[in-house]
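These are the residues of each chain, in order.
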Amino acid sequence: MTNRIDRLVKKDLVERLPDPSDRRGVLVRLTAEGRDKADQSLAGLLVQERAILAELSPAAPRTRRTAAAVDRSVRQHPGLATGAAPSAAARRRSRGGPGQVHR
């Protein structure tokens, strides 16, 4: 994992920050450029999703409604809407875990 994050840091897509709740921990956060790349990736996926949904036959209204509900859920997710998915540490904290990422 450290090597992957190192490569992302070198490309200025993420930055490492000290964990204020644990001085041994390191948090990883998207940079502005990282958010832009994530947004571009998500936009591409949404274009593909819409193309697939457009091919559904009118005889499949339940499938279309389900797909539309999934699309709405994705758009309402705060991390996906901004391109900034929660860090692993934030996900662990929300589950009551230790809340740090070690180098």
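Residues numbered from 1 in each chain as written. Predicted model: local features only at pLDDT ≥ 70, side-chain atom pairs only at ≥ 80, totals over all residues. Heavy atoms only, no water.

(A) Local environment of the overall build of the protein. When helices and strands are tallied, the protein shows five helices and two strands. Counting from the amino terminus, the protein carries its helices and strands in the arrangement α-β-β-α-α-α-α. A burial count over the protein gives 19% of its 103 residues as buried. Within the protein, residue pairs in contact and separated by at least 24 positions form 33% of the contacts whose partners lie at least 6 positions apart. Summed over its atoms, the accessible surface of the protein is roughly 7,700 Å², and 56% of this surface lies on carbon and sulfur atoms. (Helix = DSSP H or I, 4+ residues; strand = E, 2+ residues; numbered from the N terminus. Buried < 20%, exposed > 50% of the residue type's maximum accessible area, 1.4 Å probe, protein only. Contact = heavy atoms within 4.5 Å. Areas by Shrake-Rupley, 256 points an atom, 1.4 Å probe, with all protein chains shown as cover.)

(B) Expanded view of the pattern of salt bridges. Applying the stated criterion across every chain, the model contains three salt bridges. Residue D22 is joined to R24 by a salt bridge in which the shortest nitrogen-to-oxygen separation is 3.1 Å. R24 sits in the exposed class, given a relative accessible area of 60%. (Salt bridge = Lys/Arg side-chain N within 4 Å of Asp/Glu carboxyl O.)

(C) Structural view of a positive patch on the surface. A surface patch of positive charge is lined by R4, R7, K10, K11 and K37. The leading source of residues in the positive patch is helix α1 (residues 2-10), at three residues. (Patch = residues over 30% accessible without salt bridge, like charges linked within 9 Å, V, L, I, M, F, W, Y side chains within 5 Å. Lys, Arg positive; Asp, Glu negative; His and termini not counted. Charge placed at Lys NZ, Arg CZ, Asp CG, Glu CD.)

(D) Here's a closer look at a negative patch on the surface. On the surface, D12, E33, D36 and D39 cluster together to form a negatively charged patch. Among the residues examined, D36 registers a relative accessible area of 45% and is labelled partly exposed.

(E) Structural view of unusual backbone geometry. Although it is not a glycine, D12 adopts a positive phi angle of roughly 60°. For D12, the location among the structural elements is in the loop between α1 and β1 (14-18). Accessibility expressed as a relative area gives 41% for D12, which makes it partly exposed.

(F) Looking closely at helix α2 (residues 32-54). Helix length check: α2, at 23 residues, gives a terminal C-alpha distance of 33 Å against a target of 33 Å (1.5 Å per residue), a fit within 8%. For α2, every residue scored as buried is listed here: G34, L42 and L46. (Expected span 1.5 Å × (residues − 1).)

(G) Region of interest: the environment of L46. Along the chain, L46 turns up in helix α2. L46 sits 25 residues away from D71 along the chain, and the two C-alpha atoms are 8.5 Å apart.

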